[in-house]
Amino acid sequence: MDCLFCKIVAGEIPSTKVFEDDRVLAFRDIAPMAPTHILVIPKQHIAGVDEITPENSAIVSYIFEVIPKIAKAEGLDGGYRVVSNIGEDGGQTVRHLHFHILGGKKLSNEMA
Ligand code: 5GP
Ligand code: ZN
């Protein structure tokens, strides 16, 4: 499958990993929009939030267990933001489910 993040999972494209286990990979965004900008992805290919189903949704709750652990390890004690862009209008450029962790500064309230 021609999916950038599946290639990162497979190690075909290098990444700066911050967390990995059998189900989840987290790595630093190549073009950070905040001092800390990490992408958390399931290792299984799910195209986006719009492809979450009763059959695959357990990985989403697991990702949300992992996210606060990463945030703590990164020292984001003052808070942070979790974002998932969906589809073209949502600004999704990589069609493999991912959650951005953004932090390390006081983020703007700009949401759209
Ligand atoms: P999206 O725009 O789909 O919500 O987020 C995709 C993110 O992936 C972007 O923030 C972009 O900077 C990041 N990205 C794109 N290609 C690569 C890559 O090869 N390596 C890493 N680490 N991040 C990437
Ligand atoms: Zn993929």
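The structure under discussion appears in the preceding block.
Residues numbered from 1 in each chain as written. Chains lettered and ligands numbered in written order. Predicted model: local features only at pLDDT ≥ 70, side-chain atom pairs only at ≥ 80, totals over all residues. Heavy atoms only, no water.

A word on the site of ligand 1
So, point 1. Not every one of the 16 residues close to ligand 1 is listed here, only the nearest: Arg-28, Asp-29, Asn-85, Thr-93 and His-100.
So, point 2. For ligand 1, a nitrogen atom lies 2.9 Å from a polar atom in the backbone of Arg-28.
So, point 3. Residue Asp-29 places a side-chain N or O atom 2.5 Å away from an oxygen atom belonging to ligand 1.
So, point 4. Expressed as a share of its isolated accessible area of 520 Å², the protein-covered part of ligand 1 is 83%.
So, point 5. Broken down by element, the residue count for the shell around ligand 1 peaks at 3 residues, all from helix α1 (residues 4-10).
So, point 6. The residue inventory of the shell around ligand 1, partitioned by class, reads 8 nonpolar, 6 polar and 2 charged. (Near = heavy atom within 4 Å. Polar contact = N/O pair within 3.5 Å; in protein donor to acceptor, adjacent residues only side chain to side chain. Areas by Shrake-Rupley, 256 points an atom, 1.4 Å probe, with all protein chains shown as cover. Helix = DSSP H or I, 4+ residues; strand = E, 2+ residues; numbered from the N terminus. Nonpolar A, V, L, I, M, F, W, Y, C, P; charged D, E, K, R; others polar.)

Structural notes on the environment of Ala-73
So, point 1. By secondary structure assignment, the location of Ala-73 is in helix α2 (residues 58-73).
So, point 2. Residues Ala-73 and Ile-38, spaced 35 residues apart in sequence, show a C-alpha to C-alpha distance of 12 Å.

Section: the coordination of the zinc ion (ligand 2)
So, point 1. Within the protein, Cys-3 (SG), Cys-6 (SG), His-45 (ND1) and His-96 (ND1) serve as the donor atoms for the zinc ion (ligand 2), at 2.0 to 2.3 Å.
So, point 2. Around the zinc ion (ligand 2), the 4 donor atoms are arranged such that angles at the metal cover 106 to 117 degrees; this shape is classified as tetrahedral.
So, point 3. Mapped onto the sequence, the donors of the zinc ion (ligand 2) take the spacing C-x2-C-x38-H-x50-H. Here His-45 lies in the loop between β3 (36-42) and α2 and Cys-6 lies in helix α1, a separation of 39 residues in the sequence.
So, point 4. Judged by relative accessible area, which is 31%, His-45 ranks as partly exposed. (Donors = N, O, S within 2.8 Å, 3.2 Å for Na, K, Ca; no water. Tetrahedral: all angles 85-135°; square planar, octahedral: opposite > 155°, others 65-115°. Buried < 20%, exposed > 50% of the residue type's maximum accessible area, 1.4 Å probe, protein only.)

Description of the packing of aromatic side chains
So, point 1. The full count for this structure, using the stated rule, is 2 aromatic pairs.
So, point 2. Ring geometry for Phe-5 against Phe-27: centres 5.4 Å apart, planes inclined by 80 degrees, an arrangement best described as edge-to-face. Taken together, the positions of Phe-5 in helix α1 and Phe-27 in strand β2 (residues 24-28) put the pair 22 residues apart, joining distant regions of the chain. Both residues of the pair, Phe-5 and Phe-27, belong to the buried class.
So, point 3. Centre to centre, the rings of Phe-64 and Phe-99 are 5.1 Å apart; their planes meet at 80 degrees, and the pair counts as edge-to-face. In this pair, Phe-64 sits in helix α2 while Phe-99 sits in strand β5 (residues 99-103), placing the two residues 35 residues apart along the sequence.
So, point 4. The exposure class assigned to Phe-99 is buried, which follows from its relative accessible area of 6%.
So, point 5. Here Arg-23 stacks its cationic end above the ring of Tyr-62, 3.7 Å away from the centre of that ring. (Phe/Tyr/Trp six-rings, centres within 6.5 Å; stacked < 30°, edge-to-face > 60°. Lys NZ or Arg CZ within 6 Å of the ring centre and 35° of its normal.)

Observations regarding the nonpolar core
For soluble globular proteins, nonpolar side chains are generally found buried alongside one another.
So, point 1. Formed by 17 residues in total, the largest nonpolar core has its most connected members in Val-24, Val-40, Ile-59, Ile-63, Ile-70 and Ile-101.
So, point 2. Looking at this core, the elements with two or more residues in it are β2, β3, α2 and β5.
So, point 3. Counting residues per element, this core draws most heavily on α2, at 8 residues.
So, point 4. The next biggest cluster of nonpolar side chains, apart from the first, holds 8 residues, and it includes Cys-3, Leu-25, Phe-27 and Leu-39. (Core = buried A, V, L, I, M, F, W, Y, C linked by side-chain atoms within 4.5 Å.)

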